[in-house]
Amino acid sequence: MAGTETKKIPGKAASGCLHIYCGNGKGKTTAALGLALRAAGRGKKVLIARFLKTDDSGEVAALKGIVGIQVMPCEKVFGFFWQMTEEEKKEAGQYYRELLCRAWQEAVRGPYHLLILDEILAACNHGLVEEQRLISDLRTRPPGLEVVLTGRGPSKELVDLADYVSEIKKKKHPYDKGLGAREGIEY
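As the structure is a computational prediction, the values presented were derived from the model and not from experiment.

Draft legend 1. Region of the structure containing the nonpolar core. Phe51, Leu117, Ile120 and Leu149 are the most contacted members of the largest nonpolar core, which has 35 residues in total. Leaving out residues up to four positions away in the same chain, leucine 117 has contacts with Ala49, Phe51, Leu100, Ala103, Leu134, Val147, Val148, Leu149 and Thr150. Counting 16 residues, the second-largest nonpolar core is a separate cluster that includes Tyr21, Leu33, Leu35 and Val46.

The structure is reproduced here in C-alpha cells:
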C-alpha cells in the first residue's frame, strides 16, 4: 500500500529467537515450513533436520528445489516408535543423536539463519535425543540463529527458554472417522 512503511520495534532485532510449534493438531510442520519459505524468500539460508520421519513426504521434494533451503536427508527409517524393538530404539537413538549433532554443526558452520528441528520434541520425549543436550545447544547458539522446534509435549524448561510458543489444538480430524493419512495432505 502506498504511503505505509514497516515499523521496526526496538530491541534484539538481530538476535535469533526460539520458536516452538506444539500440540496435538495438524499443522506444526506446516507452520515451520511456512517460516522456512518466508526466510528463503528474503534471501536467508535455512537448514531443516527431520526426526522420526522419512523423506517420503511431499514437502521434501519441493523444498529441495528452493534456493536457500537445505533438507538433511533421512538416511535410516525406523518406523513408528511404539512398533520398534528395544534394539531398534537403541539404534534410532544413536542415529537421531548424531543427526542433531550434524544439524547443529552445519547450522553454526553454514552459517544458516534458520534451523528447523522437525519432530525433535517427540525424539526427546521418547528418550531418543537427550533434551539437556538440546537445551545446552540452544543456550549457546550463535546470536543470529533462529531455531524452530516442532512436536508434542515440550517440557517446561523448553517452553521457558522459547521466545515463541504456538500450540496447535485438534478440534476435529478425519483420522477420527477412520480416514488414513493422505498423500499430498498429511505427507
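Draft legend 2. Geometry of unusual backbone geometry. Cis rather than trans, the peptide bond between glycine 110 and proline 111 has omega equal to -20 degrees. Counting through the fold element by element, proline 111 comes out in the loop between helix H3 (86-109) and strand S4 (114-118). You will see that leucine 52, though not glycine, has its phi angle at about 60 degrees, which is positive. Mapped onto the elements of the fold, leucine 52 is located in the loop between strand S2 (46-50) and helix H2 (58-64). Assessed through its relative accessible area of 24%, leucine 52 is described here as partly exposed. Look at glutamate 119: it is not a glycine, yet its phi comes out positive at around 65 degrees. Mapped onto the elements, glutamate 119 comes out in the loop between S4 and helix H4 (120-125).

Draft legend 3. Examining helix H1 (residues 28-41) more closely. With 14 residues, H1 should cover 20 Å at 1.5 Å per step; its first-to-last C-alpha distance of 20 Å lies within 8% of that length. Among the residues making up H1, those that are buried are Lys28, Thr29, Ala32, Leu33, Leu35, Ala36, Ala39 and Ala40. Each buried residue of H1 sits inside an arc of 150 degrees when the element is viewed along its axis, so together they form one side. In H1, the exposed positions angled more than 90 degrees off the buried face are occupied by Thr30, Arg38 and Gly41. Just downstream of H1, glycine 43 is the residue with a positive phi angle, here 80 degrees.

Draft legend 4. Seen up close, the pattern of salt bridges. Evaluation of the coordinates by the stated rule reveals 12 salt bridges. Across the pair arginine 139 and glutamate 157 runs a salt bridge, and its minimum N-O distance is 3.6 Å. A residue pair is termed long-range when its members are at least 10 positions apart, and arginine 139 in helix H5 (residues 131-139) and glutamate 157 in helix H6 (residues 156-161) qualify at 18 residues. Arginine 139 sits in the exposed class, given a relative accessible area of 52%.

Draft legend 5. Focus on the pairing of S2. Most of S2 sits inside the fold, with five of its five residues counted as buried. Burial along S2 is two-sided: Val46, Ile48 and Arg50 and Leu47 and Ala49, pointing in opposite directions, are all buried. Pairing analysis gives three bridges linking S2 to strand S3 (residues 69-71), with the strands arranged parallel. If you follow leucine 47 over to S3, its bridge partner there is glutamine 70. As for the winding sense of the linkage, the β-α-β connection from S2 through H2 to S3 is right-handed. Note: S2 against S4, five bridges, orientation parallel. Looking at S4, one finds that alanine 49 is bridged to leucine 117.

Analysis parameters
Residues numbered from 1 in each chain as written. Predicted model: local features only at pLDDT ≥ 70, side-chain atom pairs only at ≥ 80, totals over all residues. Heavy atoms only, no water. Core = buried A, V, L, I, M, F, W, Y, C linked by side-chain atoms within 4.5 Å. Buried < 20%, exposed > 50% of the residue type's maximum accessible area, 1.4 Å probe, protein only. Contact = heavy atoms within 4.5 Å. Helix = DSSP H or I, 4+ residues; strand = E, 2+ residues; numbered from the N terminus. Expected span 1.5 Å × (residues − 1). Arc of directions from axis to C-beta. Salt bridge = Lys/Arg side-chain N within 4 Å of Asp/Glu carboxyl O. Pairing = 2+ DSSP bridges. Right-handed = clockwise from strand over helix to strand, strands pointing away.

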